[in-house]
Amino acid sequence: MKRCWASTLGRCDTMSGEHVISSAIFKAGCSCPIIVEGVQRIRNGAPTYGAEKSNILCRHHNSLLSPLDRVAGKVASFQAESNEENFEDTLYIEGELLERWLLKTVVNAAAAGWTGSAKWLPSAEIVNAIFGKQKVPNGYGLYSVDGIDPKHRSSGGASFIPIHLPTSEGAILVGAYVNVHGMPLFASFHDDLAHRLESGSIPELLTHFSESGLKHLYRPGAIVINRQKGKSVIIGLSWDGLLKFADGTTTTFPRD
Ligand SMILES: [Zn+2]
């Protein structure tokens, strides 16, 4: 691919050799392999040299997305710190930024050919949403997922599971699980996909993340990280500028 996937926005310059999954999440002190399940791009899940970067975005559009990479980096750093038993803190982030990062990561992976033989380009609507120019359509976007990525190792890393559904024009990419240091996030490009998956449309996923079944939560106010040692820690997510707490109170976020 020689073309930037955000070219519908205009003003493309030279291609950037973008990291398919933000390098920010790999800076949190781990050896961090990338595992892509369900595709052949990375043979047997073993990362190959240079496979992490691809010419999929131009420099201009890549740089416009750096706030999204910073949020993903904050999440990864928080996860790394929470490996310390005595660590007690809560991370607050804007849900929309993490959601846009997640959608961008899936589009990156698709544009890089990680999701199957056919490279896929996002609709203008999705491109606009990733760049914050329009709202992510309702039901599309970020879902938290109960459980943990079964391939998670203490050294950390990221894994990626593309979800395809058959159509009359062949299988199309409709979503993906992106696991960041074991924490599964689900990106949907379809408003009914999480429900269909919970109903068993891909049977092997039903107990993939948790023995108690596959459960998604759309735009969660909090993601709880259960730790082997120490109390659970929480990533709080604001939506539409509001953080909502378990006691029913809310506060504006970010504060400025
Ligand atoms: Zn561009």
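Cut-offs and rules
- Residues numbered from 1 in each chain as written.
- Predicted model: local features only at pLDDT ≥ 70, side-chain atom pairs only at ≥ 80, totals over all residues.
- Helix = DSSP H or I, 4+ residues; strand = E, 2+ residues; numbered from the N terminus.
- Buried ≥ 20, exposed ≤ 12 C-beta atoms within 10 Å, placed from the backbone.
- Contact = placed C-beta atoms within 7 Å.
- Pairing = 2+ DSSP bridges.
- Axes fitted to C-alpha atoms, helices over the stretch in contact; angles between N-to-C directions.
- pLDDT = per-residue confidence, 0-100.
- Core = buried A, V, L, I, M, F, W, Y, C linked by C-beta atoms within 7 Å.
- Expected span 1.5 Å × (residues − 1).
- Parallel < 35°, antiparallel > 145°, perpendicular 65-115°, else oblique.
- Nonpolar A, V, L, I, M, F, W, Y, C, P; charged D, E, K, R; others polar.

K.L.:
Summarise the overall build of the protein chain; cite the residues concerned and give the values.
P.N.:
Across its full length, the protein chain carries five helices and 13 strands. Sorting the 256 residues of the protein chain into buried and exposed places 39% on the buried side. Taking the intrachain contacts of the protein chain between residues at least 6 apart in sequence as the baseline, contacts between residues at least 24 apart amount to 68%.

K.L.:
How would you explain the sheet that holds strand E4 (residues 90-94) if you had to name every residue and give the values?
P.N.:
In space, the three strands of this open sheet follow the order E4-E11-E10, with mixed pairing throughout. One side of each edge strand has no neighbouring strand; the edge strands of this open sheet are E4 and strand E10 (222-225). The mean angle between the axes of side-by-side strands here comes to 15°, regardless of whether they run parallel or antiparallel. Across four bridges, E10 lies against strand E11 (residues 233-238) in antiparallel orientation.

K.L.:
Can you lay out the confidence of the model for the protein chain for me, pointing to particular residues and giving the numbers?
P.N.:
Averaged over every residue, the pLDDT of the protein chain is 87; the share at 70 or more is 88%. Between the elements of the protein chain, mean pLDDT differs from a low of 69, seen in strand E2 (residues 34-36), to a high of 98, seen in strand E9 (residues 216-218).

K.L.:
Just give me the short version of unusual backbone geometry, but keep the residues and values in it.
P.N.:
A cis geometry characterises the amide bond from Phe253 onward to Pro254, with omega recorded as -10°. With respect to the secondary-structure elements, Pro254 resides in the segment after strand E13 (250-252). Not every positive phi belongs to a glycine, and Arg11 is a case in point at roughly 65°. Position of Arg11 among the secondary structure elements: in the segment before strand E1 (18-19). Of note in the backbone geometry, His181 takes a positive phi value of approximately 45° without being a glycine. Mapping His181 onto the fold places it in the loop between strand E7 (172-180) and strand E8 (183-188).

K.L.:
Account for the nonpolar core, with residues named and values stated.
P.N.:
Val75, Leu102, Val106, Ala176, Val178, Leu185 and Ala187 are the most contacted members of the largest nonpolar core, which totals 61 residues. No other element matches helix H3 (residues 95-111), which puts nine residues into this core. Contacts of Leu102, omitting those with residues within four sequence positions, involve Leu142, Val178, Leu185 and Ala187.

K.L.:
Outline the environment of Ala176, supporting the account with residue identities and numerical values.
P.N.:
Its place among the elements puts Ala176 in strand E7. Its 27 C-beta neighbours within 10 Å are what place Ala176 among the buried residues. Between the C-alpha atom of Ala176 and that of Phe160, which follows or precedes it by 16 residues, the distance is 6.9 Å. Residues in contact with Ala176, not counting those within four places in the same chain, are Val106, Ala109, Phe160, Ile161, Pro162, Ile163 and Ala187.

K.L.:
Let's hear about helix H2 (residues 66-81): which residues, and what values?
P.N.:
Taking 1.5 Å per residue as the helical rise, H2 with its 16 residues ought to reach 22 Å, and the 22 Å between its terminal C-alpha atoms agrees with that figure. Along H2, the residues that are buried comprise Leu68, Asp69, Val71, Ala72, Val75, Ala76, Phe78 and Gln79. Check the buried side of H2 and you find it contacts E4, H3, E7, E8, E10 and E11.

K.L.:
Can you lay out the pairing of strand E6 (residues 158-165) for me, pointing to particular residues and giving the numbers?
P.N.:
Taking burial as the measure, the eight residues of E6 include six buried ones, the bulk of the element. Strand direction decides the pairing type here: E6 and E7, joined by eight bridges, are antiparallel. When the bridges of E7 are listed, Leu165 appears paired with Ile172. Hairpin connection between E6 and E7: a loop of six residues separates the two successive antiparallel strands, and Gly170 in this loop has a positive phi of roughly 100°.

K.L.:
Tell me about the packing of H2 against H3, and name the residues and values.
P.N.:
At their nearest, the axes of H2 and H3 sit 9 Å apart, and the two run at 105° to each other. Regarding the angle of H2 to H3, the classification is roughly perpendicular. Of the residues in H3, those touching H2 at Pro67, Leu68, Asp69, Val71, Ala72 and Val75 are Leu97, Leu98, Arg100, Trp101 and Lys104. In terms of residue class, the contact of H2 with H3 is built from eight nonpolar, no polar and three charged.

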